[in-house]
Amino acid sequence: MGALTASTTAISILFRLVVYIFLRWIPARGGAYVVPTLFALYVSQWWLAQKAVTKWERQARAVKVEANGNGNGYAHGANGEGNGYADKGDYKTTHARPSTPPPPFTTPALLAVLLGAPTSSRTLNYLSLFINLALFTATQDFLWTPLLFLPSHGVTFARLGHVGPTEAKVVVRFPPANWTAPGKGWEGQSEKVRVVYRTAGVGCAKQGKWEKGPVWEAAEEDDWVGTVKLQDLFPETDYEYRLSYLNGSFTPVPNRPLPLRTAPDPRLTSPSSFGSGSGTKFSFASSSCVNLGFPYKLTEPLRIKGFDLLANHLKKHSLRFLLFLGDFVYADVPLSIGTTREDYQRLYRQTMASESHRKVYEQLPTYHMYDDHEIKNNWASGKADPYPQAITHAWQRYNGEGNPDAAVEGEHYFSFDYGDIAFFTLDTRTHRSPNFDADGPEKTILGEQQKIALLEWLSRVNNTASFKFISSSVPVTQLWRGVDGHLDTWGGFKHERQWFLDVLENVPNVILLSGDRHEAAAVALRDSIYEFSTSPLSQFYLPITTFKQKHSDFRAVTLENGTTSLEPEDRVLNYSPLGNYKWTTFDVDTTGEKPTVNATIWIDAKPAYSLTIVGKPIRKPGKALQGFSQSVSDLLDLFGFKKRSWF
């Protein structure tokens, strides 16, 4: 039975290891198929072991019966009378006492339970089977409960998206109380609620009266979700808002007024007068990648621990907003959930129903960009199916409409200002060429129209914004490797990456934000552009490092004294691969003589790395870019990839 012991034990150990990895470490797609396969193999081996135990027990009982049938358990005489002695002269009928056969398995009890190895004890074998059955059941609960038992049809919420100096976007979902599922006779019907708001203060005496905001009409074809805009607000003012019925009574959700603080007036934060009380001082956070109910816990299928930790962080640290850079839902991990509109919308309802998430979105405005897992891993098929169902009807309704209005209708990239700080969030999925295409001038990650929009934005903010934050869902640094790190990031688009860096190298105070890789890193690109790539906010981290921790692609740089030095294109500042919960905070201060940003990478709610970036003071308006901001036609000349002096 040595072979059966070895095979059963090996399969059981492998099964338990895979389950642990799947539920607590990486919910990889393959786990959904490997776990049932290993469990089936284990059950077959367990059954063979039980057969061996049954056979041994029968043999042992037969021996016992035979021994008891002798009367006294000793040798018989020829006449069959049991007297304990052989008949004189008749030795051929004499035989020894029957012996019990050895047990088929000799595994110690403790090892049998810990490893699932077979033993000769039925009780221990059934205990091992029960343990493995419980583990298998947990994996099926993790896989199927969100799909079958957590539709979250009734979730109601209100959250802030973009908040400017005089306006704020409120994303609302408010289904009818008796609505249970799509297609149940609600086609064409609607539900109306109003967003009301007032100035907030300490004590009721300083609170303003409730003002009537816009009425929002919810419809089933939109999954009862939409966005309204509050306008004519005062800059840098504290408000609070709620939802109300048209009769003036408050809706049950949210059950209290929610905070709203408008952005500062950019006219009062001009970089032209540093040291004289102007400028901006605030903090925000950046991250990406969350997965519902992971790591797995039986009683908390909707928990997102990263949001719990971020909510606790907010109790001690003031943040104005969160930039979430993609993979807000995982439509293909650990199972593909289908490609209908309802399949995708269900994922957003579940994430918004999470109390972990509610603790954050009810107090922190959030800007969103999507990445690949909102559709499918490494998506590079433009607007082909299932893009319309995944993005147009799900992501756009729940996340995209809360962003600033796009400069180009139908596009998802956007920009906004916060005081004298400018932000541009890129869309690196919709317009990208296939990842495996040969690199060259025709291969793009942005598309021409988005590149033009980026250049126009840079020309506008170059002399008016102290820092320029550009967000990309995938890293710009080419240091990530692994299975797809060199293809799915900007590292797979080296020609366009060179153009991108050629432009940014001549723009002062640029900081890049990215996510996607489930690791964190800080990199200096060409020693003048900083990138902070941070993820996951609440997901698995990679057990094997995929980041090349050596500087890359040295290039010749002419120094001020006229000599030439070889400097790396990507200089590693920090690499932090471990941890399921990561975000980076940016403390911006442009009120002093020189603008500064203090960036801190937080891992599992603890600071892991910090860097203070001292920017260059921005010149007063009027000293325009030379050959850069004079006209749109000048901007288009840059597509020739010719190096030119822009300052």
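Just so it is clear, the model here is predicted, and its values are computed rather than measured.

Chemist: Explanation requested: the overall build of the chain in the structure shown.
Modeler: Scanning the chain from N- to C-terminus turns up 12 helices and 21 strands. Each of the 647 residues in the chain was classed as buried or not, and the buried ones make up 54%. Partitioning the contacts of the chain with sequence separation of at least 6, the portion at a separation of at least 24 is 70%. When the accessible surface of the chain is summed, it comes to about 28,300 Å², and 56% of that surface belongs to carbon and sulfur atoms.

Chemist: For this particular structure, what's the right way to read the nonpolar core?
Modeler: As a rule of thumb, nonpolar side chains are buried together in soluble globular proteins. Among the nonpolar cores identified, the biggest contains 70 residues, and F284, F321, L323, F423, F469, I511 and F586 are the most heavily contacted of them. Once you skip the residues sitting within four places of it in the chain, F321 turns out to touch F282, S283, F284, A285, L364, P365, Y367, F416, Y418 and F423. Membership of the second largest hydrophobic core comes to 35 residues, among which are Y413, L501, I529 and V572.

Chemist: When you look at the side chain of S466 in this model, what are you seeing that I'm missing?
Modeler: Along the chain, the position of S466 falls in the loop between α9 (448–461) and β13 (467–471). Separated by 2.6 Å, the side chains of S466 and D420 make a polar contact.

Chemist: When you look at empty space enclosed by the protein in this model, what are you seeing that I'm missing?
Modeler: Sizing a probe to match a water molecule and rolling it over the atoms shows the empty space that remains. Tallying each qualifying case throughout the model produces three cavities of 30 Å³ or more. When its volume is computed, the largest cavity comes out at roughly 60 Å³. At the level of secondary structure, the elements contributing two or more residues to the lining of the largest cavity comprise β9 (322–324), α7 (355–361) and β10 (366–368). For the lining of the largest cavity, the element with the highest residue contribution is α7, accounting for three residues. Class assignment for the residues of the lining of the largest cavity results in eight nonpolar, four polar and one charged.

Chemist: Before we go on, may I ask you to explain the sheet that holds strand β3 (residues 190–199) in this structure?
Modeler: The four strands lie next to each other as β4-β3-β6-β7, forming an open sheet whose pairing is antiparallel. The open sheet has two edge strands with one neighbour each: β4 (211–219) and β7 (258–261). Taking each pair of neighbouring strands and ignoring which way they run, the sheet shows an average axis angle of 30°. Where β3 lies against β4, seven bridges are found, and the strand directions are antiparallel. Bridge pairing links V196 to K212 in β4.

Chemist: What exactly am I supposed to notice about the layout of surface pockets here?
Modeler: Counted as a void, the largest pocket has a volume near 720 Å³. Around the largest pocket sit 29 residues that line it, and H373, N377, N378, D484 and R517 are the ones nearest its centre. Taken together, the residues of the lining of the largest pocket sort by class into 14 nonpolar, seven polar and eight charged.

Chemist: Quick question: what am I supposed to make of the pairing of strand β16 (residues 529–534) here?
Modeler: On a regular strand, each side chain points to the face opposite its neighbour's, so the side chains alternate between the two faces of the sheet. Most of β16 is tucked away: five of the six residues are buried. With five bridges joining them, strand β14 (residues 510–514) and β16 adopt parallel strand pairing. Across the sheet, the residue bridging to I511 is Y530, located in β16. When strand β15 (residues 520–525) meets β16, the two strands line up antiparallel, connected through six bridges. By the bridge assignment, V523 is partnered in β16 with E531.

Chemist: Sorry, what's going on with the packing of aromatic side chains here?
Modeler: For any pair of aromatic rings, the description rests on two quantities: the centre-to-centre distance and the angle between the ring planes. Per the stated rule, a full pass over the model turns up 42 aromatic pairs. Taken together, a centroid distance of 5.0 Å and an interplanar angle of 20° make the contact between F284 and F586 stacked. In this pair, F284 is assigned in strand β8 (residues 281–287) and F586 in strand β19 (residues 582–589), connecting sequence segments 302 residues apart. By relative accessible area, F284 is classed as buried at 0%. Among the aromatic residues, those joined into a cluster by ring pairs are F282, F284, F321, Y367, F414, F416, Y418, F423, F467, F469, F532 and F586.

Chemist: Got a minute to help me understand α9 in this structure?
Modeler: One full turn of an α-helix is made of 3.6 residues, so residues set three or four places apart face in the same direction. In this model, α9 (14 residues) spans 20 Å end to end at C-alpha, consistent with the 20 Å of a helix rising 1.5 Å per residue. Taken together, the buried positions of α9 are occupied by Q450, K451, A453, L454, L455, W457, L458 and V461.

Chemist: What is the right way to read helix α5 (residues 305–316) from this model?
Modeler: An ideal rise of 1.5 Å per residue puts 16 Å on 12 residues; α5 measures up with 18 Å between its terminal C-alpha atoms. Among the residues of α5, G306, F307, D308, L309, L310, A311, H313 and L314 are the ones counted as buried. Elements that come into contact with the buried residues of α5 comprise β9, α7, β19 and β20 (596–603).

Chemist: I'm lost on the pattern of salt bridges in this one. Help?
Modeler: Where charged atoms from two side chains of opposite charge come close, those side chains can pair. Per the counting criterion, the structure on display carries 37 salt bridges. The shortest N-O distance in the salt bridge between E300 and R303 comes to 3.6 Å. Taking relative accessible area as the criterion, E300 reaches 27% and is therefore assigned partly exposed. Within this structure, R497, D502, E505, R526, E569 and D570 form a network of salt bridges that share partners.

What counts, and where the lines are drawn
- Within each chain, residues carry numbers counting from 1 in the order of the written sequence.
- Whole-chain, interface and lining totals are the exception, using all residues; otherwise, since this is a predicted model, local features are given only for residues with pLDDT of at least 70 and side-chain atom pairs are given and counted only at 80 or more.
- Only hydrogens and water are removed before side-chain values are computed, so all heavy atoms of the structure are retained for them.
- Only DSSP runs of H or I with at least four residues qualify as helices, and only runs of E with at least two residues qualify as strands; both kinds are numbered from the N terminus onward.
- Any residue under 20% of the maximum accessible area for its type is buried, any over 50% is exposed, and the rest in between are partly exposed; the area is computed with a 1.4 Å probe on protein chains only.
- A contact between two residues is defined here by any heavy atoms of the two lying within 4.5 Å.
- Here the accessible surface of atoms and residues is derived via Shrake-Rupley with a 1.4 Å probe, and residues count as covered only by protein chains that are part of the display.
- Within this scheme, the nonpolar core is defined by two criteria: the residues are buried Ala, Val, Leu, Ile, Met, Phe, Trp, Tyr or Cys, and they are joined through side-chain atoms within 4.5 Å.
- In protein, a polar contact means a hydrogen-donor-capable atom and an acceptor-capable atom, both N or O and within 3.5 Å, with residues adjacent in sequence counting only if both atoms are side-chain atoms; elsewhere, any N or O pair within 3.5 Å suffices.
- Cavities and pockets are found on a 1 Å grid laid over the protein atoms alone: a cavity is a set of points where a 1.4 Å probe fits but cannot escape, a pocket is an open set with protein on both sides within 12 Å along at least five of seven lines, and a lining residue has an atom within 4 Å of such a point.
- Grid points are joined across faces, edges and corners, and a volume is the space filled by probe spheres set on the points.
- Residues are grouped as follows: Ala, Val, Leu, Ile, Met, Phe, Trp, Tyr, Cys and Pro are nonpolar; Asp, Glu, Lys and Arg are charged; all remaining types, including Gly, are polar.
- Think of it this way: DSSP has to see at least two bridges between two strands before they count as a pair.
- Angles here are taken between N-to-C directions and fall from 0 to 180 degrees, while the axes themselves are lines fitted to C-alpha atoms, restricted in helices to the stretch in contact.
- Between 30 and 60 degrees the pair is tilted, below 30 it is stacked and above 60 it is edge-to-face, where a pair is any two Phe, Tyr or Trp rings, Trp via its six-membered ring, whose centres lie within 6.5 Å.
- A helix is expected to span 1.5 Å for every residue after the first.
- Any carboxyl oxygen of Asp or Glu within 4 Å of a side-chain nitrogen of Lys or Arg constitutes a salt bridge here.

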